[in-house]
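Chain by chain, the residues:
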Amino acid sequence: MKSPHILVIKHGAFGDLLQADGVMHDIRVYFDHARISLLTSPTYQSLMQRSPHIDFVLTDKRRPLWRVSDLWLLRNTLKEQDFDLVIDLQNSQRTRLYRKLLLPRLPWIQRAAKSAPVSGLQGQIELLQQAGIDSQYARQADLRWLTENMQPWLTERGIQSGFILLES
């Protein structure tokens, strides 16, 4: 029997993706043998490829919905992946449309509540709870996977400690 292939949708923004790290960790723990792909904005592809909770990253340029040819290309890309389940962390009108138009036959996990959550993270925790997924890591984002030891580079250049290096 093949392992399930799960699509997680979280377009961004940067802070929202980082905040969702614990939620994605919970998804990875619950679906420990699944292949998990993330659909996000192209800006975050290389960043999210480093995540230990994600196996593969797909991008969505989120072109205007009236550009049917772009929507059709995204549909074909998603259908080629042969997903078994979609987990919609974005919970937007766009992704609700994706559910109806792009992957209508797949089971989706979306937040069911009609009222807006207190925060985006709280909405994602509610989504996990509604799906029966334990949310033990949701409030504990562990972003160590984003860091690298730059000490050799700093030492080589004669730079003293006490700096933080950010690279884009």
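This write-up is about the structure you can find in this document. (Residues numbered from 1 in each chain as written. Predicted model: local features only at pLDDT ≥ 70, side-chain atom pairs only at ≥ 80, totals over all residues. Heavy atoms only, no water.)

Counting across every chain of the model gives 6 salt bridges. With its nearest N and O atoms 3.7 Å apart, the salt bridge here joins R63 to D70. Several salt bridges converge on common partners, so that one network encompasses R63, R67 and D70. (Salt bridge = Lys/Arg side-chain N within 4 Å of Asp/Glu carboxyl O.)

To continue, consider helix α5 (residues 93-101). Of the residues making up α5, those classed as buried are R94, T95 and Y98. Relative to the axis of α5, the buried residues are bounded by an arc of 95 degrees and lie together on one face. Facing away from the buried side of α5 by more than 90 degrees, the exposed set consists of Q93 and K100. Lining the buried residues of α5 we find β1 (5-9), β2 (35-40), α4 (68-80), β4 (85-88) and β5 (108-109). (Buried < 20%, exposed > 50% of the residue type's maximum accessible area, 1.4 Å probe, protein only. Helix = DSSP H or I, 4+ residues; strand = E, 2+ residues; numbered from the N terminus. Arc of directions from axis to C-beta. Contact = heavy atoms within 4.5 Å.)

Turning our eyes to something else, we now look at the sheet that holds β5. Strand order in the open sheet made by the 5 strands is β3-β2-β1-β4-β5, with parallel pairing throughout. With partners counted over all chains shown, the strands left at the sheet margins are β3 (56-59) and β5, one partner each. (Pairing = 2+ DSSP bridges.)

This part covers the nonpolar core. Within the largest apolar cluster, 27 residues are counted, with the highest numbers of intra-cluster contacts made by I27, M48 and I87. For this core, the secondary-structure elements that each account for two or more residues are β1, α2 (21-30), β2, α3 (45-48), β4 and α6 (120-130). Apart from residues lying up to four places away in sequence, M48 is in contact with L17, M24, L38, I54, V57 and W145. (Core = buried A, V, L, I, M, F, W, Y, C linked by side-chain atoms within 4.5 Å.)

Another aspect to go through is the packing of aromatic side chains. In this structure the tally under the stated criterion is 1 aromatic pair. Ring plane angle 80 degrees and centroid distance 4.8 Å describe the contact between Y30 and F31, whose orientation is recorded as edge-to-face. A relative accessible area of 44% places Y30 in the partly exposed class. In this arrangement the basic side chain of R35 is found over the ring face of F56, its NZ or CZ atom lying 5.3 Å from the centre. Between R75 and the ring centre of W72, over which it is positioned, the NZ or CZ distance is 4.4 Å. (Phe/Tyr/Trp six-rings, centres within 6.5 Å; stacked < 30°, edge-to-face > 60°. Lys NZ or Arg CZ within 6 Å of the ring centre and 35° of its normal.)

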